Amino acid sequence: MSQRAAPAAPAALAAQMTHGPTGLKAWLTTTDHKRIGLLYFWTAFGFFLIGGIEALMIRAQLAQPNGHLVSAETYNQLFTMHGTTMVFLALMPLSAAFFNYIIPLQIGARDVAFPRLNAFSYWVFLSGGLFLNASWLTGPLFHAGMLNVAPDGGWFGYANLTERQFSPGPNIDFWLLGLQILGIASLAAGFNFIVTILNLRAPGMKMMRLPTFTWMTLVTQFLIITAFPVITVALVFVMFDRFFGTHFYVHQAGATPLLWQHLFWLFGHPEVYILILPAMGIVSEVLPTFSRKPLFGYPVVVYSGILIGFMGWGVWSHHMFAVGLGPIADSVFAATTMLIAVPTGVKIFNWIATLWGGDIHGTTALHFAVGFIAMFIIGGLSGVSHASPPADLQQTDTYYVVAHIHYVLFGGTIMGLFAGMYYWWPKMTGRLLSEPLGKLHFWLQFVGMNLAFFPMHLIGLLGMPRRIYTYGPELGVSDLNLVSTVGAFLIGLSILVFVFNMWRTSRHGQRASNDPWRGATLEWSIASPPPVYNFSVIPTVTGRLPRWHTERHPAIQDPPAVPPAPIHVPGGSWWPMVAALGLPIMALSALTHTLWIVFVGVAVLLFGIYRWAFEPFEV
Amino acid sequence: MTHSAVAHHTSMGLDSRKMAFWTFIGSECLLFGTLISTYLIYKGKSVVGPYPHEILNIPFTSVSTFDLLLSSLVMVLALAAVQRGDMKWAKIWLLSTALLGLVFLGGQVIEFTEFVHKGLTLQTNLFGCTFFVLTGTHGAHVAVGVLWLLTLWVRAVQGKLGPANAMTVEITGLYWHFVDVVWIVIFTVVYLIQ
């Protein structure tokens, strides 16, 4: 291992070192966690827009009874791809963007533990996302029209609908192969971030001094590396059933399609916490900063997060009450589900207590953080109502569940992620987003989401089933559906305001200082955006809020702007991208039932891995 | 794998690559756990034969199992040789580990072929589905391990592997022992407890 030793001292050289190489090659080969974070952000934001357009088409279809904007077949593809895209291509990678950009800065590190593995994760994620979405356009290759071969079995892909007998086209193949690729990206990132957080902490950064966002990220990564193997195997069974004629989910052979539900939700419920814990971490950073108070009960918030991580494994069958598992299983899972609301509720009280008596600064980030708390409470309460099997049986497969999931994942995760975007935008880009536009964005989105999703509670209780492409006027839900559609388009408008804000900020935005918000954590001690080496001197941490002066600890000194000694910066590498390319090639082989392509894919993967393993990692 | 950016000083005092590998093994436990659970859930659910007791050859597989256990011992010797800088024996033991892995894979090929001749394929019944996918996944792991060991052996022959790379060999050993332990579970669950 030889690394470039950058020349020291002179200001011109230091400035050159600060920015790092530019150009297309520098981005394609980058191993810098900040650049990979930005790549994650822009890619995931693009998929978020695609998933949003799918949602608007769904709502346009449902605006009126007996709608005929899209056919039933297209509608199936729209809701399947909307769910799959938002969960795997928008929310998870938007969180990953913050893991990448912020975690090394918060723990006082120069990069993640395995910079090239990090690049590999990104390229695998990108190829998985493109593979899934290619299904919209590639119909003609399978002797079908455009918009005909996208996945159409729901984001949960229940067996035995996904068997070749019932879904003969390539739709489900796109879905399961795409998810397998994305799972590899998440797993690789999971190993990387666990090691980064445990092993690359600055001196004095004890575990109970870690920022809350870093703690919640750590719990999330443990959930990822334990939950994803389960869905990997469940999907392998679907692959074998579809490609090799096995009977893992075939009733006639003695198997039970319920195996899929158990395996999927055994993954799926931890996945819910994979989606929400990072947002909880972001909110736990934003609230103290803008209340000028330490997080109330920091250890309890951390322990609650860990407890949620463990308990998240014991509640999966509440997704399956309608299956009829029997009174004992139903009672146990009802009890565990109600119990998991306790650590979640503890956190909510901690957040409210953080605000209480604080010196509140009503920034856009704080608006989103408080919006998160309020909306997540509503989503949490409707969640507790599903915990009771008799109530759940009334709600299963109705719009009530759609209302619940959107209060949790939109009102919760998306609100939390937007809080993070407004909070860390100056750190990531060097410019402050416009606050007036940000507040307009917030209020449009807040009103829009409540108009869109609150009526769904009523629509569901009145009996409208989900995943059905239309409904009759006699059901009496026409007006409520129209309100919901108006709300959805308001959300769309709010996102346009945000896009405009980003564009305007990139041109006219106010330059950000190192620390525009007076934050307590280490990322605010360095330039915005940070130099390529992050910290000119690795800080020594003496307290949980290193940059705040508290009763116990004085604030630590910020590192000097110019490094006093040469800093080793690892260079770029092509091989993570080459290795990643092997995976979609292998998936293409399965998709087209062409055996020789798989050997090409394996060869590319192995070639990439070997070059990666034996290259001297330097500039 | 080469070193990470900050490999030499770590907060936990444990090499980052080794820690990453332990998290990987934790993840693999869930992978094999799911496969083994599925095997157990579908045990006795096949509606047509051949059934496990008609077809599983315990003496033959016992020999394969012994072979794999022996390979773990040899892997320990390989690591010890690398650590003390004895590259002559390191090469011998690394190659021996890989060859013992190949013998195990050969045994699996013979076993699978025999089963197919006796009428058990992937598609025959649930036993066939779960058995071949579980043991096949394990076999794929052994194959990756053999490739990895042969790579180390080639590096040793080229003179590019020495005591400075002991951590690389140690991690290879972790992988190899893990795959071995998984086989002991599979052998017990599938072959011994019918």
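Residues numbered from 1 in each chain as written. Chains lettered and ligands numbered in written order. Predicted model: local features only at pLDDT ≥ 70, side-chain atom pairs only at ≥ 80, totals over all residues.

Quick look at the overall build of chain B now. Looking only at helices and strands, chain B features 6 helices and 0 strands. When the helices and strands of chain B are read in sequence order from the N terminus, they spell out α-α-α-α-α-α. Taken along the three principal axes of its C-alpha coordinates, chain B extends 60 × 35 × 25 Å. For chain B, the residues scored as buried account for 37% of the 194 residues in total. Across chain B, every contact between residues at least 6 apart in sequence was considered, and the portion connecting residues at least 24 apart equals 82%. (Helix = DSSP H or I, 4+ residues; strand = E, 2+ residues; numbered from the N terminus. Buried ≥ 20, exposed ≤ 12 C-beta atoms within 10 Å, placed from the backbone. Contact = placed C-beta atoms within 7 Å.)

Before going further, it helps to examine the interface of chain A and chain B. Counting residues at the interface gives 36 residues for chain A, matched by 32 residues for chain B. By residue number, the principal contributor to the side of chain A that touches chain B is helix α7 (residues 212-244) of chain A, which donates 9 residues. Among the residues forming the side of chain A that touches chain B, the class breakdown is 26 nonpolar, 7 polar and 3 charged. (Nonpolar A, V, L, I, M, F, W, Y, C, P; charged D, E, K, R; others polar.)

Before going further, it helps to examine the confidence of the model for chain B. Residue and element names in this part refer to chain B. Looking at chain B, pLDDT values average 93 and 96% of them are 70 or higher. Confidence drops under pLDDT 50 across residues 1-7; counting only partners more than four residues distant or on other chains, this segment forms 17 contacts. Across the whole predicted complex the pTM is 0.95, and at the interface the ipTM reaches 0.94. (pLDDT = per-residue confidence, 0-100.)

Residues and elements named next belong to chain A. Parsing chain A into structural domains produces domain 1 (44-237 + 244-250 + 263-561) and domain 2 (586-619). In this structure, domain 1 and domain 2 have C-alpha centres spaced 31 Å apart. If you look at the interface, domain 1 gives 7 residues, while domain 2 gives 4 residues. Mapped onto the side of domain 1 that touches domain 2, the elements with two or more residues apiece are α5 (115-134) and α6 (171-199). Here the side of domain 1 that touches domain 2 takes 4 residues from α6, the largest share from any one element. Grouping the constituent residues of the side of domain 1 that touches domain 2 by class yields 5 nonpolar, no polar and 2 charged. (Domains from an automatic or database assignment.)

This part takes up the nonpolar core. Ranked by internal contacts, the top residues of the largest apolar core, which has 225 residues, are A:Val283, A:Val286, A:Ala369, A:Phe372, A:Ala419 and B:Ala78. Beyond its immediate sequence surroundings of up to four residues, A:Ala419 is in contact with A:Ile282, A:Val283, A:Val286, A:Ala365, A:Phe368, A:Ala369 and A:Phe372. (Core = buried A, V, L, I, M, F, W, Y, C linked by C-beta atoms within 7 Å.)

Residue and element names in this part refer to chain A. Along helix α13 (residues 399-429), the sharpest change in direction is near 45 degrees and occurs at Tyr 423; proline Pro 426 comes one to four residues later. Most of α13 sits out of view: 30 of its 31 residues are buried. At the exit of α13 stands Gly 430, carrying a positive phi of roughly 85 degrees. (Bend = angle between axes of the 7 residues up to and from the residue.)

Our next topic: the packing of helix α8 (residues 258-291) of chain A against helix α9 (residues 298-311) of chain A. Residues and elements named next belong to chain A. Running from N to C, α8 and α9 point in directions that differ by 175 degrees, and their axes come no closer than 11 Å. Viewed along their axes, α8 and α9 adopt a mutual orientation that is roughly antiparallel. Note on element contacts: α9 touches α8 through Val 301, Gly 305, Ile 308 and Gly 309, opposite Tyr 273, Leu 277, Met 280 and Ser 284. (Axes fitted to C-alpha atoms, helices over the stretch in contact; angles between N-to-C directions. Parallel < 35°, antiparallel > 145°, perpendicular 65-115°, else oblique.)

With 32 residues, helix α5 (residues 126-157) of chain B extends 46 Å between its outermost C-alpha atoms, agreeing within 8% with the 46 Å of an ideal straight helix rising 1.5 Å per residue. Just downstream of α5(B), B:Gly159 is the residue with a positive phi angle, here 80 degrees. (Expected span 1.5 Å × (residues − 1).)

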